[in-house]
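Structure at a glance
For reference, the chains in residue letters:
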Amino acid sequence: MTLTFSGAVVDCADPAVVADFWQAALGWTGRETGPHGEAVLYPRDGETVLGPPSLVFQRVPEGKAVKNRVHLDFSSSTQAADVARLEGLGARRVDVGQGEADTFVVMADVEGNEFCVLRGD
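Described below are features of the structure shown in this document. Just so it is clear, the model here is predicted, and its values are computed rather than measured. (Residues numbered from 1 in each chain as written. Predicted model: local features only at pLDDT ≥ 70, side-chain atom pairs only at ≥ 80, totals over all residues. Heavy atoms only, no water.)

1. Focus on the pattern of salt bridges
- Counted under the stated rule, the structure contains 4 salt bridges.
- Among the salt bridges present, the one from Arg31 reaches Asp20, with a minimum N-O distance of 2.7 Å. In this pair, Arg31 is assigned in strand S2 (residues 30-33) and Asp20 in helix H1 (residues 15-26), connecting sequence segments 11 residues apart.
- A relative accessible area of 44% places Asp20 in the partly exposed class.
- The shortest N-O distance in the salt bridge between Lys64 and Glu114 comes to 3.3 Å. With Lys64 in the loop between strand S4 (54-59) and strand S5 (72-76) and Glu114 in strand S8 (residues 114-119), this residue pair connects regions lying 50 residues apart in the sequence.
- Taking relative accessible area as the criterion, Lys64 reaches 38% and is therefore assigned partly exposed. (Salt bridge = Lys/Arg side-chain N within 4 Å of Asp/Glu carboxyl O. Helix = DSSP H or I, 4+ residues; strand = E, 2+ residues; numbered from the N terminus. Buried < 20%, exposed > 50% of the residue type's maximum accessible area, 1.4 Å probe, protein only.)

Shown next as structure tokens:
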């Protein structure tokens, strides 16, 4: 028996707003609303090269209080440009003690969920 990764779920206060950010960031056009108001994003044919995972944004009553236990990593061959584009969408850089020699930029989305943009040379 094997496991197939089907997606990740992100807790948030406003699923539509967080999904808007990630839909613009990833360029995915697949989007649905679940029965409990969750926003589900997924890539359509040609929008990703590695397969069909989805991102689900579900409403929870509590706010983010500490560092994420799991975060998303994104590889970018144009890291500086992508970081600037994400900042323009509402993301911000996060200092977790990384140094100038590190090949990743830690960021937070519009609700503070951390993710990394890796330099994909």
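2. Points about the packing of aromatic side chains
- Across all of its chains, the model carries 5 aromatic pairs by this definition.
- Ring geometry for Phe21 and Trp22: centres 5.0 Å apart, planes at 85°, overall edge-to-face. Accessibility assignment for this pair places Phe21 and Trp22 in one class, buried.
- Among the aromatic side chains, those forming a connected cluster through ring pairs are Phe21, Trp22, Phe74 and Phe115. (Phe/Tyr/Trp six-rings, centres within 6.5 Å; stacked < 30°, edge-to-face > 60°.)

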